[in-house]
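Descriptive analysis of the structure
The chain contents come next:
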Amino acid sequence: MTIGATMVAQHVAFGIIAAVVIAGALRVVTTNNVVHAALWLVAVLTGVGASFLLLGAEFVGVTQLLIYVGAIVVLFLFGIMLTRAPIGREVNLTGNSWPVGLVVAIPIAGVLTYTLIDAFGADHIGDNTRQFTAQVSDTLFQNYLIPFEVVSVLLLAALIGAIVLARKE
Amino acid sequence: MLLNEFLLLGAALFAIGVYGVLSRRNGVMVLMSIELILNAVNINLVAFGALHHTVVGQVFALFIITIAAAEVGVGLAIVLMLYRNRASIDLDQVDAMRG
């Protein structure tokens, strides 16, 4: 494929991914069905993983699918099940404070959009940004070995804490 | 590709997540909205890593994915405790600290 065709393909792929992510995210925060929200979350997380792949970040993309779609969404579904939320429609999923949410979220979106266009409007990512898993692992286990170990201890502590919290007395 | 394509996608995802955190009453839905925010941050990290041709962005994205897993675990346990103690996960009713 020529360079031009690759660029067009990248833009088309990004357009599809962005549409799926934005539409899915809007459904996650507006739907009246808790289980549907979890399933729309799958669409969002898969789209974000696809955008990682588009950026050439293969390891993070695959990890996103494994951890988020594979584990975290299942955790959410268990949470929904254990709190016995109704499976069907639920009227009061969005509270009375939704205008506050709009008042905060729309200025955030506006300011971020203006700032990003102002600051990075002309920056191009190279066409070939592929970064191999070996490079990631080299950096992770050389420069970031101690943070990596700390994070693993944190994860262990969090999981033990979750068990202690959720255990029946 | 333009860097801004990814950054603006991240910004939109972040704003939607903030709206979800502020407007939802169900505790589990608030946690889902927090996931949206964390994903927006990850997109930014990986995009800037690609811009600067470094894998450090990806390393930090991996850290955030790990932290997100820990956060969901503890968060869902807290929501579960809330449900057990009050038989409801409606966050509007959690007003024990209100003066």
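Located above this text is the structure these notes cover.
Rules used throughout
- Residues numbered from 1 in each chain as written.
- Chains lettered and ligands numbered in written order.
- Predicted model: local features only at pLDDT ≥ 70, side-chain atom pairs only at ≥ 80, totals over all residues.
- Helix = DSSP H or I, 4+ residues; strand = E, 2+ residues; numbered from the N terminus.
- Rg over C-alpha atoms; globule rule 2.2 N^0.38 Å.
- Buried ≥ 20, exposed ≤ 12 C-beta atoms within 10 Å, placed from the backbone.
- Contact = placed C-beta atoms within 7 Å.
- Nonpolar A, V, L, I, M, F, W, Y, C, P; charged D, E, K, R; others polar.

Digging into the overall build of chain B
When you go through chain B residue by residue, the secondary structure sums to three helices and zero strands. For chain B, the N- to C-terminal ordering of α and β elements is α-α-α. Taking 13 Å as the expected radius of gyration for a compact globule of 99 residues, we find that chain B reaches 17 Å, considerably beyond that expectation. Seen through its C-alpha atoms, chain B measures out along the principal axes to roughly 50 × 25 × 20 Å.

Some points on the overall build of chain A
A tally of helices and strands in chain A yields six helices and zero strands. In chain A, the order of α-helices and β-strands from amino to carboxyl end is α-α-α-α-α-α. The globule rule puts the C-alpha radius of gyration for 169 residues at 15 Å, and the 20 Å found for chain A is more than 25% above it. Counting only C-alpha atoms, chain A reaches 60 × 40 × 30 Å along its principal axes. Out of the 169 residues in chain A, the part that is buried amounts to 25%.

Description of the interface of chain B and chain A
Chain B puts 60 residues into the contact, and the matching count from chain A is 73 residues. If you list the elements that add at least two residues to the side of chain B that touches chain A, you get helix 1 (3–23), helix 2 (27–51) and helix 3 (56–86) of chain B. With 21 residues, the single largest contributor to the side of chain B that touches chain A is helix 3 of chain B. Here the residues of the side of chain B that touches chain A are counted per class, giving 45 nonpolar, ten polar and five charged.

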